[in-house]
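A look at the structure
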Amino acid sequence: MAVLGIGGLFFRAQDPDALNSWYREFLGIGAGCAAEGTGEVDEWTWKTQGGPVVFAPFKADTDYFAADKQFMINLRVTDLEGMCEQLNAAGIAVETRPEWDSPEAGSFARIHDPEGNAIELWEPPAD
């Protein structure tokens, strides 16, 4: 018996409806969304493309994301540069740091949702 993948991500929000709308509008994720090539959209799930998922607890005193947050979402993307341009054009602050990127790990950018949750955007290295 083995786990097949992540089945969901559930977290508290001050305004769940508004936050759901923000994720759908700016990132194309959430119930009723589907990544390219994943089939028909349904009202309950977000259909994603298969690929690597990092599952990694961090030390409690890490400075990699805000100390007052228990988690950070990492989303695998293609064309990180293009996505960052779209987010900037929508008025969403995007942070990049050269030290986050490496040929082995790929490229990273960081944004925050309207409730201050960190979202790391990750473009894995090309195969």
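This report concerns the structure included in the present document. What you see is a predicted model; the values in this text were computed from it and never measured.

Thresholds, definitions, all that
- Residues numbered from 1 in each chain as written.
- Predicted model: local features only at pLDDT ≥ 70, side-chain atom pairs only at ≥ 80, totals over all residues.
- Heavy atoms only, no water.
- Helix = DSSP H or I, 4+ residues; strand = E, 2+ residues; numbered from the N terminus.
- Rg over C-alpha atoms; globule rule 2.2 N^0.38 Å.
- Buried < 20%, exposed > 50% of the residue type's maximum accessible area, 1.4 Å probe, protein only.
- Contact = heavy atoms within 4.5 Å.
- Polar contact = N/O pair within 3.5 Å; in protein donor to acceptor, adjacent residues only side chain to side chain.
- Pairing = 2+ DSSP bridges.
- Phe/Tyr/Trp six-rings, centres within 6.5 Å; stacked < 30°, edge-to-face > 60°.
- Axes fitted to C-alpha atoms, helices over the stretch in contact; angles between N-to-C directions.

Here we come to the overall build of the protein chain. Within the protein chain, the secondary structure is distributed over two helices and five strands. Ordered by position from N to C terminus, the α and β elements of the protein chain give α-β-β-β-α-β-β. Taken over the C-alpha trace, the protein chain has a radius of gyration of 15 Å; the compact-globule value for 127 residues is 14 Å, and the two agree within 12%. Viewed in the frame of its principal axes, the protein chain has a C-alpha envelope of about 40 × 40 × 35 Å. Counting the 127 residues in the protein chain, one finds 24% classified as buried. For the protein chain, restricting intrachain contacts to residue pairs at least 6 apart in sequence, the fraction spanning at least 24 positions comes to 46%.

We now examine the side chain of Arg110. Here Arg110 shows up in strand S4 (residues 107-112). For Arg110, a relative accessible area of 7% puts it in the buried group. A polar side-chain atom of Arg110 sits 3.5 Å from a polar atom in the side chain of Glu120. Residues in contact with Arg110, not counting those within four places in the same chain, are Tyr64, Phe65, Met72, Ala93, Val94, Glu95, Trp100, Ala118, Ile119 and Glu120.

Moving on, we come to the pairing of S4. Sheet topology note: the S4/strand S5 (residues 118-123) ladder contains six bridges and is antiparallel. Residue pairing for S5: Ala109 is matched across the bridge by Leu121. Between S4 and S5, which pair antiparallel one after the other, the connecting turn spans five residues, and Gly116 there sits at a positive phi close to 85°.

Our next topic: the packing of aromatic side chains. Counted according to the given criterion, the structure contains seven aromatic pairs. Aromatic side chains Trp22 and Tyr23 sit 5.1 Å apart centroid to centroid with 85° between the ring planes, which places their arrangement in the edge-to-face category. No difference in accessibility class separates Trp22 from Tyr23, as the two residues are buried. Ring centres of Phe58 and Tyr64 lie 5.7 Å apart, and the angle between their planes is 15°; this geometry places the pair in the stacked category.

Time to look at the sheet that holds strand S3 (residues 73-76). The strand order across the open sheet formed by three strands is S3-S5-S4, and the pairing between neighbours is mixed. If you trace the sheet from one side to the other, it starts and ends with S3 and S4, each paired once. On average, each strand axis in the sheet is tilted by 25° relative to the strand beside it, whichever way the strands run. Along the sheet face, helix H2 (residues 80-89) touches S4 and S5 and points at about 20° away from the line of S4.

Turning to the pairing of S5, a few remarks are in order. By the criterion of burial, S5 is predominantly enclosed, with five of the six residues buried. Sheet topology places S3 next to S5; four bridges connect them, and they run parallel. In the strand pairing of S5, Asn74 is matched with Glu120.

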